[in-house]
Structures are given as C-alpha cells and as structure tokens.
Amino acid sequence: MVDTSDLTTFESVSTSILKSDAEDALTREVFNPNGDFSKEGKLGISSASRRVKDYLTRELIVDKQLIFLARRDWKEPDRIPNQDYTYRLAYPRIRDWPVHSTKEDTVIIGERKVFSPTRNLDQIEYIAGYRREDQTLTDFPQYVQDEFDSESDIPVLPTTITDVVNNIAVHNAVLKISGLIGKSISEQQVGDFNTTVRREQARSEYPMEQLKRIQSHRLFT
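Residues numbered from 1 in each chain as written. Predicted model: local features only at pLDDT ≥ 70, side-chain atom pairs only at ≥ 80, totals over all residues. Heavy atoms only, no water.

Let us look at the overall build of the chain. Each helix and strand counted, the chain has 6 helices and 9 strands in total. By residue count, 43% of the 221 residues in the chain fall in the buried class. Sequence-distant contacts in the chain: of pairs separated by 6 or more residues, those separated by 24 or more amount to 63%. About 12,400 Å² of surface is accessible on the chain, with carbon and sulfur atoms providing 44% of the total. (Helix = DSSP H or I, 4+ residues; strand = E, 2+ residues; numbered from the N terminus. Buried < 20%, exposed > 50% of the residue type's maximum accessible area, 1.4 Å probe, protein only. Contact = heavy atoms within 4.5 Å. Areas by Shrake-Rupley, 256 points an atom, 1.4 Å probe, with all protein chains shown as cover.)

Right, here's the structure in full:
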C-alpha cells in the first residue's frame, strides 16, 4: 500500500508502536491497510520518508542515478585498487549510496569509492541505494532488476533510519491520539480548589531530535 520510494511500511510502524506507550488505536485504525484512517497513515509514512530524505539530502531506495562530472571531480588518492585505476571520484559527487554498479569503466570499492583509469569521464550512470526489508526484486523497475540476481544482493535500510521514519510517521500522522510518542505531559493547578489537570501536547522539537540520530548517514558537501 505504501509507495516503492517510502522508507517504511504499515507493519513496521505498527510494530514500533507496540514497543512504545502509544495507543493501540493507532495500530488498528491508522497504520493498518484496513483501518478507518489508513489514508492518514499512508500520508504520515510518505511525509516522514520525505522529511528523512530531505534531512539526509540523498535518496535511499535503490534506483538509477546520473551525475555530470568535470576533471576536477577526480582525485588521485594515495591508495588505489590497482595501477590501471588511479583516479577516485570525489565523495561529494556521489550523492546516493551504496553504489552497486556503473555503466562506465570503473572499479567500485565499498559503498562510495569509485575509481576510474582516466579523468575524462564527463558523466556516470550508476545504480545505488537500499531496499526495505519487505521489498523483493520485482518491486523495482526492470533496469534495477537487471543489475541483481536476487533482492538479497541489495542491502536493507539501516535499522536506525527505519526507526526514525517510524517515529516521525506516528508523531506527524496522529497528533491527537493520547499517549503518542513525542508528546510531553505537564500538570497544572486550576480553579479555586487547585484541581490538578493533565495537559498533553506534541513536542515540536521531537522530529529534529529523531533526525539527529541519523546524522552519520547524511550527505555533507
């Protein structure tokens, strides 16, 4: 029910809710494909996914990317894979990772190291990214399927990123549900008899607190 580019699913969000003090109504009615408010749940997941990708300034779900290059984008590092591939593409030019393959004559080492025998490459088309745990190879476009033997060859999204998306999705989609994670509870004395009442409100700083958990995955230029 969620989009291919979304970073989490109804099931994943529901599982995270069960680990918190949030209302079970969220699982039944919002983050349930058959729930009365499933539309709001889907919008919450899409919104949280976009916010995480905007914060990280990179795409995450595996897809095809194209970058245009200049000679200055190629660096001659101290360590090279062999004597034929002597230039490494500068990290900031690789906006999406892990890199799996390119259409050009390159050697890929690790997630972001792309080596070339020349600095004359003026563009690189490459396949990069993760998959959600529920996704299979047939969930992706044919040009992605052609690059892999099975979905197990595509790494799963880091757990921390999924957790952050789940928490922000809950926070944004159903702010009016009591017990929601990301809410602060305060007590206030009111009236002539100093009656204590409980007031709950969503903490505006909660999403940013969550995003800071995944700073290490952010693209810095």
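Let's pick the thread back up.
Aromatic ring pairs: the centre-centre distance and the angle between the two ring planes describe each pair. This structure, assessed with the given rule, holds 1 aromatic pair. Taking NZ or CZ as reference, Lys64 lies 4.3 Å from the ring centre of Tyr143, over its face. For Arg112, the ring lying beneath its charged end belongs to Trp97, and the centroid distance is 3.9 Å. (Phe/Tyr/Trp six-rings, centres within 6.5 Å; stacked < 30°, edge-to-face > 60°. Lys NZ or Arg CZ within 6 Å of the ring centre and 35° of its normal.)

Let's shift gears to helix H3 (residues 38-56). Given a rise of 1.5 Å per residue, 19 residues ought to cover 27 Å, and the 27 Å separating the end C-alpha atoms of H3 matches this to within 8%. In the segment just after H3, Thr57 is the residue with positive phi, at about 55 degrees. (Expected span 1.5 Å × (residues − 1).)

This brings us to the layout of surface pockets. Considered as a void within the structure, the largest pocket measures approximately 420 Å³ in volume. Around the largest pocket, the lining comprises 17 residues; the ones closest to its centre are Thr8, Ser12, Glu133, Thr162 and Asn166. Grouping the constituent residues of the lining of the largest pocket by class yields 3 nonpolar, 8 polar and 6 charged. (1 Å grid on protein atoms, 1.4 Å probe; cavity = no way out; pocket = protein on both sides within 12 Å on 5 of 7 lines; lining within 4 Å. Points joined across faces, edges and corners; volume = space filled by probe spheres on them. Nonpolar A, V, L, I, M, F, W, Y, C, P; charged D, E, K, R; others polar.)

Moving on: the sheet that holds strand E5 (residues 107-109). The sheet built from 4 strands is open, its strands ordered E2-E3-E6-E5 with antiparallel pairing. Here the strands that pair on one side only, and so sit at the sheet edges, are strand E2 (74-75) and E5. In this structure, strand E3 (residues 87-89) lies alongside strand E6 (residues 113-116), joined through 2 bridges in antiparallel fashion. Counterpart to Arg88 in the pairing with E6 is Phe115. (Pairing = 2+ DSSP bridges.)

What follows is about the pairing of E6. Two strands pair when backbone bridges link them, and E5 and E6 are joined in this way by 3 bridges, in the antiparallel orientation. In the sheet register, Ile109 faces E6, and the bridge partner there is Lys113.

On to the packing of H3 against helix H5 (residues 159-173), then. Helix packing for two helices is described by the angle between their axes and how far apart those axes are. Interhelical geometry of H3 versus H5 gives an angle of 130 degrees and a closest axis separation of 8 Å. Classified by the angle their axes make, H3 and H5 are oblique. In this structure, H3 meets H5 at a crossing whose hand is right-handed. Residues Glu40, Gly44, Ile45, Ser47, Ala48, Ser49, Val52 and Leu56 of H3 pack against Ile161, Val164, Val165, Ile168, Ala169, Asn172 and Ala173 of H5. Looking at side-chain class alone, the contact of H3 with H5 contains 10 nonpolar, 4 polar and 1 charged residues. (Axes fitted to C-alpha atoms, helices over the stretch in contact; angles between N-to-C directions. Parallel < 35°, antiparallel > 145°, perpendicular 65-115°, else oblique. Left-handed = near helix turned anticlockwise from the far one by under 90°.)

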